[in-house]
Amino acid sequence: MRLTLKIWRQSGPDAPGRFVTYEHNDVNPHMSFLEMLDVLNQQLIQKGEEPIAFDHDCREGICGMCSMVINGVPHGPQRATTTCQLHMRHFKDGDVITIEPWRARAFPVIKDLVVDRSAFDRIIAAGGYISVNTGSAPEAASILVPKPDADRAFDAAACIGCGACVAACPNASAMLFTAAKVAHLNSLPQGQPERYQRVVRMVAQMEKEGFGACTNHGECEAVCPKEISLDTIAQLNRDLLAASLRGVRP
Ligand code: SF4
Ligand code: FES
């Protein structure tokens, strides 16, 4: 396959960025999107040019590192698929593909397609934990969890923290991510002692980081590679209201 790639190049956080066009004539349909970029980078290195910086780690759809906007859509055209799991057979010979970093004030560009997502880490640190003594693994049935609660927690825990929800949102809101992390722990018995403090603190940190407000566009759910549901946001809002009625402060 032959492709024309328009890729965002930016040498550093304060440098001006621009799209650079590359003709890629050596694309195998069985390659993943990141392997296609690996081959392009190899060619750039052989020509003595700077390779394109992009984030990746597991390449198995688990870690959430592979953040890039492909033809205007975070993670590209395949529903429920991370960039690393996207394959070139979903594109056509001769296609023009635009590749950009996540665009959000709270995710500043570090270089090319790499953004700083440490704002997510600080939201997790604000409340994404439970205060229990660690030790050897407890007997599985020692804390009984109703099946619907276990399912809700498990679905929310599938969030890999990639940030596509923020990149897709016109407000650059981090509500889907934060709601997934709140819903994960607030659905379980182990999460109850800090339930209201957790939601208040994580939402306060989200606002402090400069993410926008949720105005129910639903773009986040549409691009989420783990299909985190908007229901988690409803659950967050219910817990936030209950916390405010109890007078809980960050
Ligand atoms: S909610 Fe979905 S899109 Fe947002 S960080 Fe989690 S996995 Fe990524
Ligand atoms: S590289 Fe880990 S999810 Fe894509």
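Throughout this description, residue numbers start from 1 for each chain and increase along the sequence as written. Working convention: letters from A go to chains and numbers from 1 go to ligands, in the order in which they are written. It should be noted that, the model being predicted, local features are given only for residues of pLDDT at least 70 and side-chain atom pairs only at 80 or more, the latter also being counted only at that level, while totals for whole chains, interfaces and linings use all residues. To get the side-chain values, take all heavy atoms of the structure and skip hydrogens and water.

Trainee: A description of the overall build of the protein chain should follow, citing residues and the corresponding values.
Mentor: Per the convention used, a helix needs a DSSP run of H or I reaching at least four residues, while a strand needs a run of E reaching at least two, with both numbered from the N terminus. Along the backbone of the protein chain there are eight helices and seven strands. Across its three principal directions, the C-alpha atoms of the protein chain cover 60 × 40 × 35 Å. In this scheme, a residue with accessible area under 20% of its type's maximum is buried, one over 50% is exposed, and one in between is partly exposed, where area comes from a 1.4 Å probe on protein chains only. Counting the 250 residues in the protein chain, one finds 46% classified as buried. Across the protein chain, contacts joining residues at least 24 apart in sequence account for 69% of those joining residues at least 6 apart. Surface exposure here means Shrake-Rupley accessible area, sampled with a 1.4 Å probe, where a residue is shielded only by the protein chains that are shown. Here the protein chain has roughly 12,600 Å² of accessible surface; of this, 51% comes from carbon and sulfur atoms. The contact definition used throughout considers only heavy atoms, calling two residues in contact when any of these lie within 4.5 Å.

Trainee: Pulling in residues and values, what's your account of the layout of surface pockets?
Mentor: Computed over the protein atoms alone on a 1 Å grid, cavities are sets of points where a 1.4 Å probe fits but cannot get out and pockets are open sets with protein on both sides within 12 Å along at least five of seven lines; a residue lines them when it has an atom within 4 Å of a point. Grid points are joined across faces, edges and corners, and a volume is the space filled by probe spheres set on the points. Considered as a void within the structure, the largest pocket measures approximately 200 Å³ in volume. If you go around the largest pocket, the residues you meet are Arg-152, Asp-155, Ala-156, Lys-226, Glu-227, Ile-228, Ser-229, Asp-231, Thr-232, Gln-235 and Arg-238. Those elements that provide at least two residues to the lining of the largest pocket are α3 (147-157) and α8 (231-245). When residues of the lining of the largest pocket are assigned to their parent elements, the largest contribution, four residues, is made by α8. Here the term charged refers only to Asp, Glu, Lys and Arg, the term nonpolar to Ala, Val, Leu, Ile, Met, Phe, Trp, Tyr, Cys and Pro, and the term polar to all other amino acids, Gly among them. When the residues that make up the lining of the largest pocket are grouped by side-chain class, the tally is two nonpolar, three polar and six charged.

Trainee: Quick one: what's the story with the site of ligand 1, residue by residue and with numbers?
Mentor: By convention in these notes, a residue is near a molecule or strand provided one of its non-hydrogen atoms lies within 4 Å of it. The full set close to ligand 1 counts 13 residues, and Cys-159, Cys-162, Gly-163, Cys-165 and Cys-224 are the nearest of them. The set of elements that each furnish at least two residues to the shell around ligand 1 consists of α4 (164-168) and α5 (175-186). For the shell around ligand 1, the class distribution of residues is eleven nonpolar, two polar and no charged.

Trainee: For the pattern of salt bridges, give the residues involved together with the corresponding values.
Mentor: Salt bridges are defined by distance alone: a side-chain nitrogen of Lys or Arg within 4 Å of a carboxyl oxygen of Asp or Glu. Across all of its chains, the model carries eleven salt bridges by this definition. For Lys-111, the salt bridge goes to Glu-50, with nearest N and O atoms at 2.6 Å. Here Lys-111 is found in strand β6 (residues 109-111), whereas its partner Glu-50 is found in the loop between α1 (33-46) and β3 (69-70), with 61 residues between them in sequence. Where Glu-194 meets Arg-198, a salt bridge forms, and the shortest distance between an N and an O atom there is 3.5 Å. With relative accessibility at 11%, the residue Glu-194 sits in the buried group. Taking relative accessible area as the criterion, Arg-198 reaches 2% and is therefore assigned buried.

Trainee: Describe in detail the nonpolar core, supporting the description with residues and values.
Mentor: Only buried residues count toward a nonpolar core, which is a set of Ala, Val, Leu, Ile, Met, Phe, Trp, Tyr and Cys residues joined through side-chain atoms within 4.5 Å. Core analysis: the biggest nonpolar cluster contains 40 residues, and Phe-107, Phe-120, Val-166 and Phe-211 have the highest contact counts within it. Of all the elements in the fold, those that place two or more residues in this core are α2 (118-127), α4, α5, α6 (195-208), α7 (219-223) and α8. When we break this core down by domain, the ones giving at least three residues each are domain 1 (3-111) and domain 2 (117-245). The residues touching Phe-107, leaving out its near neighbours within four places in the chain, are Trp-102, Val-115, Asp-116, Arg-117, Phe-120, Gly-163, Val-166 and Phe-211. Where a domain begins and ends is set by an automatic assignment or by a domain database.

Trainee: An account of the domain arrangement of the protein chain is needed here, citing residue identities and associated values.
Mentor: For the protein chain, the domain assignment lists domain 1 (3-111) and domain 2 (117-245). Counting residues at the interface gives 20 residues for domain 1, matched by 22 residues for domain 2. Throughout, the accessible surface (probe 1.4 Å) given up by two parts as they are put together, summed over both, is called the buried area. Interface of domain 1 and domain 2: buried area, both sides summed, is about 1,500 Å²; carbon and sulfur atoms make up 61% of it. Counting across the domain 1 and domain 2 interface gives one salt bridge. Asp-55 is paired through a salt bridge with Arg-117; the nearest N and O atoms lie 3.3 Å apart.

Trainee: Help me get a handle on α1, residues and values and all.
Mentor: In a regular helix each residue adds 1.5 Å, so 14 residues correspond to 20 Å; α1 covers 20 Å between its end C-alpha atoms and thus fits that length. When α1 is considered as a whole, its buried residues turn out to be Phe-33, Leu-34, Met-36, Leu-37, Leu-40, Asn-41 and Leu-44. An end-on view of α1 places all buried positions within 150° of arc, on one side of the element. Just beyond α1, the residue with positive phi is Gly-48, at close to 80°. What a helix is expected to span follows from its residue count: subtract one and scale by 1.5 Å. Note that the arc is defined by the directions from the helix axis to the C-beta atoms.

Trainee: Describe the environment of Lys-92, listing the residues and the values that go with them.
Mentor: On the secondary structure map, Lys-92 appears in the loop between β4 (73-74) and β5 (96-100). Residues Lys-92 and Met-175, 83 residues apart in the sequence, show an inter-C-alpha distance of 35 Å. Ignoring any residue separated from it by four or fewer positions in sequence, one finds Lys-92 in contact with Met-1 and Leu-3.

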